[in-house]
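# Reading the structure
Residues per chain are reported as follows:
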Amino acid sequence: MRSYRKGRAKMRGYKEESFQDSLTRYFGDYFEISGSIQIFNGTRPYEPDIALIDKRPTGCIRIDIEIDEPYVGLSRQAIHCDGEDEARDIYFRASLKRAI
C-alpha cells in the first residue's frame, strides 16, 4: 500500500465527477471516495482519478480508479497513448506484489 495525501494539481476529466458521485451513492458507507488524492513516488505525485479508501480502522483496502478518456476536452489532443501510463502501472503493480 502506498501512503497518500489530499490534494490535486491537475484538472479532472469530463466524466470523473459524475462517476465519483455514483460510487459515493453505492459505496460511501464503506469507503472514503475522493478525486483529490496524491500518491508520491519520489519524483512527482500520481493523482488517481478516483480513490476508494477503506473506512474501517483496520482496513487496508485502497483502490485506484482510472478513467482514461481518449483526448483532452478543450484541445482535443490525444492522451493515454500506447505506453504513456506504463511507468505508473509498474509503480502500482510493484506495491501490490509487496502486499501479497
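Everything numeric here is computed off the predicted structure, so don't read it as measured data. (Residues numbered from 1 in each chain as written. Predicted model: local features only at pLDDT ≥ 70, side-chain atom pairs only at ≥ 80, totals over all residues. Heavy atoms only, no water.)

### A closer look at the overall build of the protein
A tally of helices and strands in the protein yields two helices and six strands. Each helix and strand of the protein, placed in order from N terminus to C terminus, yields the pattern β-α-β-β-β-β-β-α. Taking all 100 residues of the protein together, 29% fall into the buried category. Across the protein, the fraction of contacts at a sequence separation of at least 24, relative to all contacts at a separation of at least 6, is 50%. Only carbon and sulfur atoms are counted for the fraction: they give 55% of the accessible area of the protein, which is about 7300 Å². (Helix = DSSP H or I, 4+ residues; strand = E, 2+ residues; numbered from the N terminus. Buried < 20%, exposed > 50% of the residue type's maximum accessible area, 1.4 Å probe, protein only. Contact = heavy atoms within 4.5 Å. Areas by Shrake-Rupley, 256 points an atom, 1.4 Å probe, with all protein chains shown as cover.)

### Structural notes on the sheet that holds strand β4 (residues 45-46)
Taken in spatial order, the three strands of this open sheet run β1-β3-β4, and their pairing is antiparallel. Sheet topology places β1 (5-6) and β4 at the edges, where each strand pairs with a single neighbour. Taken together, the two bridges between strand β3 (residues 37-40) and β4 define a ladder with antiparallel strand orientation. In the strand pairing of β4, Phe40 is matched with Pro45. (Pairing = 2+ DSSP bridges.)

### Some details on the confidence of the model for the protein
In this model, the protein carries a mean pLDDT of 80, and residues with pLDDT of at least 70 account for 78%. Model confidence for the protein, summarised as mean pLDDT per element, is weakest for helix α2 (residues 86-99) at 69 and strongest for helix α1 (residues 16-27) at 95. (pLDDT = per-residue confidence, 0-100.)

### Focus: the sheet that holds strand β5 (residues 50-54)
What the three strands build is an open sheet, ordered β2-β5-β6; its pairing is antiparallel. Each of the sheet's edge strands pairs with one partner strand only, and the pair in question is β2 (31-34) and β6 (62-65). Strand-to-strand, the axes of this sheet are offset by a mean angle of 15°, without reference to chain direction. Sheet topology note: the β2/β5 ladder contains four bridges and is antiparallel. Within β5, the position partnered with Glu32 by the bridge is Ile53. Lying over the sheet, α1 contacts β2, β5 and β6, oriented at roughly 170° with respect to β2. (Axes fitted to C-alpha atoms, helices over the stretch in contact; angles between N-to-C directions.)

### Remarks on the pairing of β3
In the sheet, β1 pairs with β3 via two bridges, with the strands oriented antiparallel. By the bridge assignment for β3, Arg5 is matched with Gln38. Linking β3 back to β4 in an antiparallel pair, the connection comprises four residues, with Gly42 at a positive phi of about 105°.

### Topic: the nonpolar core
Core analysis: the biggest nonpolar cluster contains seven residues, these being Ile37, Ile39, Tyr46, Ala51, Ile53, Tyr91 and Phe92. Elements with a contribution of two residues or more to this core: β3, β5 and α2. Core analysis: the second largest hydrophobic core is formed by six residues, Phe31, Ile33, Ile50 and Leu52 among them. (Core = buried A, V, L, I, M, F, W, Y, C linked by side-chain atoms within 4.5 Å.)

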